[in-house]
Amino acid sequence: MDKIKTVLDKVITAVCVVFFIAMVILTTYQVVTRYVFNSPSSVSEVLTRYLFVWLILLSATYVFGQRDHICITALKNMFTGTSLKIVNIFGECVVIVFSVLILIYGGGSITSINMVQYDSILKIPTGVIYSIIPVSGVLIVFYSILNIIKYAKE
């Protein structure tokens, strides 16, 4: 499982880096076309916006996998030993429930509904853009299960 997590971490990191570089290039192109040629590119603007959303969701997924996300430490500091382990596992279970219900189920519903609606600029189904929501939900569930296993072993 750790090997799978390591590979997944590297893939997500690489994708995030590529998205960020693409955003910088597209934004630079947008600025040049707008101010130098006086003809702004709507494609680069929309594509940058969508890449930004994908970057945020994939980055958040990666942070969940590293257990670096924001948590309420005041509550955790009240516990030690087995009770702390239980609180940590409970927190991961809450994340799993949220991810399954909101990200996977809700995101999957939104994605499938929007497959019939097309983006006016890119001419692709908007469901493709929303598809990152259930994908990140699945990855967060995977990471949370790995975190539960780690907490149980500690």
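Quick note: structure is the one above.
Overview of the structure.

Conventions used here
- Residues numbered from 1 in each chain as written.
- Predicted model: local features only at pLDDT ≥ 70, side-chain atom pairs only at ≥ 80, totals over all residues.
- Heavy atoms only, no water.
- Helix = DSSP H or I, 4+ residues; strand = E, 2+ residues; numbered from the N terminus.
- Rg over C-alpha atoms; globule rule 2.2 N^0.38 Å.
- Buried < 20%, exposed > 50% of the residue type's maximum accessible area, 1.4 Å probe, protein only.
- Core = buried A, V, L, I, M, F, W, Y, C linked by side-chain atoms within 4.5 Å.
- Contact = heavy atoms within 4.5 Å.
- Expected span 1.5 Å × (residues − 1).
- Axes fitted to C-alpha atoms, helices over the stretch in contact; angles between N-to-C directions.
- Parallel < 35°, antiparallel > 145°, perpendicular 65-115°, else oblique.
- Left-handed = near helix turned anticlockwise from the far one by under 90°.
- Nonpolar A, V, L, I, M, F, W, Y, C, P; charged D, E, K, R; others polar.

**Considerations on the overall build of the protein chain**
So, step 1. Scanning the protein chain from terminus to terminus reveals six helices and zero strands.
So, step 2. Helices (α) and strands (β) of the protein chain occur, in sequence order from the N terminus, as α-α-α-α-α-α.
So, step 3. Taken over C-alpha atoms, the radius of gyration comes to 19 Å for the protein chain, far larger than the 15 Å a tight globule of 154 residues would show.
So, step 4. Its C-alpha atoms put the protein chain at 65 × 30 × 30 Å along the principal axes.
So, step 5. Counting all 154 residues of the protein chain, 32% fall into the buried class.

**Topic: the nonpolar core**
So, step 1. Counting residues in hydrophobic clusters, the biggest one holds 12 residues: Leu-8, Ile-12, Cys-16, Phe-19, Met-23, Leu-26, Leu-51, Leu-55, Leu-58, Ile-132, Leu-139 and Tyr-143.
So, step 2. Looking at this core, the elements with two or more residues in it are α1 (2-35), α2 (42-66) and α6 (132-153).
So, step 3. The element best represented in this core is α1, accounting for six residues.
So, step 4. In contact with Cys-16, not counting residues within four places along its chain, are Leu-55, Leu-58 and Ser-59.

**Comments concerning α1**
So, step 1. If you check α1, its first and last C-alpha atoms are 49 Å apart, about what 34 residues at 1.5 Å a residue would give, namely 50 Å.
So, step 2. Listed as buried for α1 are Lys-5, Leu-8, Asp-9, Ile-12, Cys-16, Phe-19, Met-23, Leu-26, Gln-30 and Thr-33.
So, step 3. On its buried face, α1 sits against α2 and α6.

**Topic: the packing of helix α4 (residues 81-113) against α6**
Any two packed helices are characterised by the angle at which their axes cross and by the distance between the axes.
So, step 1. Close contact between α4 and α6 brings their axes to 8 Å; oriented N to C, the two are set at 165°. In terms of their interaxial angle, α4 and α6 are classed as roughly antiparallel. Crossing angle aside, the handedness with which α4 passes α6 is left-handed.
So, step 2. Per-class residue counts for the contact of α4 with α6 are 16 nonpolar, eight polar and two charged.

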